[in-house]
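# Structural features, examined
Now for the letters of each chain:
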Amino acid sequence: GHAGMYGAVVVRGGAAAGGAHLAVLFLHCAGYSAMCGHAVIALGRFALDYGLVPAPTRPETAVRLRCPCGPVTAFVPWDGHRSGNPVRFHSVPAFAAATDLAIDVPGHGKVVVDIGYGGTFYAFLSAEQLGLDVCSSKTRDLVSAASAVTEAVKKQFKLHHPESEDLAFLYGTILTDGKDAFSEEPTTNICVFADEQVDRSPTGSGVTARIALQYHKGLIQLDQTRTFRSSTTGSLFTGKAVKASGLFGNYNAVIVEVSGEAFYTGTATFTVEEEDPLKHGFFFK
């Protein structure tokens, strides 16, 4: 493995109760996560191709997942033999936790951030506020700036989740090109999370949270589809608010649909021998 990998531990049986086909734990370079949209897209395909969903239907099968953040449903193309792309999913209710929040970031001064929830919490701001360009600046500079924002927000703003304080933590910071108003053109962002891990995709939970913020601000209407681009790989997701779901605690929440692609790249077997002095792994940075 390597520090840029993302993992999903599939849990079956009792843990997948409540109508779910399976449950899942997400993990990254620094521990565990409450939600990962791209992993949901991949798991949806995996669940069909490996027979974890009985009697899948054509042309699309709903795969119900129990995630740490709550129930998530993936809608996966199925031709009777194998899964396909794109996969779309509906996550837990998403909401704007804070808007136009002034944060003092060491080395950068005061910036204004929005905080959105899409299965986990993110801080959002334009890279321009940090003197950077999300499309052309060095990734190292974007990562350092985003990490500084994350640490500053953690110290200066207390998060609250309506159902579980275990979920009330800031997962990372997403730097954007500032193009939040609805447009047919893609908007670009980069997500930095965990221990300075960089997302290879536009971030499924981040797109969910960003759509919720745009909807809250009146910048996007129901069923208006936006395209989101990763500044690191150029990969694309689409997202749209499909239903206003009413109050979620004290927040006006919305159900967001995110669509993207996932592909198989291989099968790996990891082995641990008890006598191996490095069996728990190592990391040089």
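Analysis parameters
Residues numbered from 1 in each chain as written. Predicted model: local features only at pLDDT ≥ 70, side-chain atom pairs only at ≥ 80, totals over all residues. Heavy atoms only, no water. Helix = DSSP H or I, 4+ residues; strand = E, 2+ residues; numbered from the N terminus. Buried < 20%, exposed > 50% of the residue type's maximum accessible area, 1.4 Å probe, protein only. Contact = heavy atoms within 4.5 Å. Pairing = 2+ DSSP bridges. Expected span 1.5 Å × (residues − 1).

## A closer look at the environment of E261
Following the sequence through the fold, E261 ends up in the segment after β15 (251–260). Exposure remark for E261: the relative accessible area of 42% places this residue in the partly exposed category. Residues E261 and M5, 256 residues apart in the sequence, show an inter-C-alpha distance of 17 Å. Excluding residues within four positions of it along the chain, E261 makes contact with H38, I41, N85, P86 and F237.

## Re the pairing of β15
β15 sits mainly inside the fold: 9 of its 10 residues count as buried. The pairing of strand β6 (residues 87–90) with β15 spans 4 bridges and is classified as antiparallel. The residue of β15 that forms the bridge with R88 is S259. In this sheet, β15 lies alongside strand β14 (residues 236–248) in antiparallel orientation, the contact comprising 9 bridges. The partner of F248 across the bridge, within β15, is Y251. Remark: 2 residues form the turn of the hairpin made by β14 and β15, two consecutive strands paired antiparallel; G249 in that turn has positive phi of roughly 70 degrees.

## So, helix α2 (residues 139–156)
Between its first and last C-alpha atoms α2 spans 26 Å; for 18 residues at 1.5 Å apiece the expected length is 26 Å, and the two agree. Where α2 is concerned, the buried positions are L142, V143, A145, A146, S147, V149, T150, A152 and V153.

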